[in-house]
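# Coordinate analysis (summary)
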Amino acid sequence: MAGAPRIGVVLSSGGARGVYAHTGFLLALEELGIPISASAGCSAGAVVGGIAASGADLHAWSETLAHLDPARFWTPDPWLRLAWQLAVRRGRGFIGLSGTEAAVEFCRSQLAVPRFEACRYPFHTLAVSLGRGRKVMFSSGELAPRMVASAAIPLHYRPVEIDGDWYCDGALIDLAPTDAICCKHHLDALIIHHVATRFAGLKELTRLRCCSGDGRGISPTSPSRFTVVHADVARR
């Protein structure tokens, strides 16, 4: 549609609750007819954002979440092996309770396309490179392992190996990677969907709403500046 605003969406980390919150948020945007021109996600936001960017049916994804068996993405080692690692080896060599192979396969099964390059719009994920000790933005290559790498919480999951390096949860460095698409892709507005880590209550939500319209980068004429909109969510 000619003249339609270009909207960017950033999905924050947020654990399991973030997966459900981001799914509901993107379904709401879809229902309102708000198109997404570019997106970025971290941890939970990387998983949901990648599935949405691939063109998968979000209603089908929502149904999958409603009946999801944790064994499809969480395969912890037997307790005897864990006890041996902690008691006998004193934790040496322990890098996580669960491997990531099942999680990667689960994400693959939910995607409409396998690679970033085939997504409906530009999509970016954030992970931490353990070899280089810094954050890395992924925007090309296979989606599933990079989505899982962004969500691989240390000690819960073992790091994900990609191209000879090891990666873990991007939320260790940045909860919402706005710099991945901020001032890029010719956006007119950037919506940051931040999932609170705890139930904040009505008072905190009111404070966030009052603080969100701070005028950062609001300009109807300059193509290098855009409106920043916060969509903070706090759920029980």
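Everything below is about the structure shown above.
Scoring rules and cut-offs
- Residues numbered from 1 in each chain as written.
- Predicted model: local features only at pLDDT ≥ 70, side-chain atom pairs only at ≥ 80, totals over all residues.
- Heavy atoms only, no water.
- Axes fitted to C-alpha atoms, helices over the stretch in contact; angles between N-to-C directions.
- Helix = DSSP H or I, 4+ residues; strand = E, 2+ residues; numbered from the N terminus.
- Parallel < 35°, antiparallel > 145°, perpendicular 65-115°, else oblique.
- Contact = heavy atoms within 4.5 Å.
- Nonpolar A, V, L, I, M, F, W, Y, C, P; charged D, E, K, R; others polar.
- Phe/Tyr/Trp six-rings, centres within 6.5 Å; stacked < 30°, edge-to-face > 60°.
- Buried < 20%, exposed > 50% of the residue type's maximum accessible area, 1.4 Å probe, protein only.

This paragraph deals with the packing of helix α2 (residues 44-53) against helix α6 (residues 143-151). Their axes nearest at 8 Å, the elements α2 and α6 cross at an angle of 155°. When the interaxial angle is binned, α2 and α6 end up roughly antiparallel. Facing α2, whose interface residues are A46, V47, G50 and I51, α6 presents M147, S150 and A151. Looking at the contact of α2 with α6 residue by residue, the classes come out as five nonpolar, two polar and no charged.

Another aspect to go through is the packing of aromatic side chains. The full count for this structure, using the stated rule, is five aromatic pairs. Between F73 and F106, the ring centres sit 6.4 Å apart and the planes meet at 45°, which makes this aromatic pair tilted. Of this pair, F73 sits in the loop between α3 (58-66) and α4 (79-87) while F106 is found in helix α5 (residues 101-110), placing the two residues 33 residues apart along the sequence. For F106, a relative accessible area of 7% corresponds to the buried category. A centroid spacing of 5.9 Å and a plane angle of 15° characterise the contact between F116 and F123, whose relative ring orientation is stacked.

Attention now moves to α6. The element α6 is largely enclosed, with a buried count of nine among its nine residues. Along α6, the residues that are buried comprise L143, A144, P145, R146, M147, V148, A149, S150 and A151.

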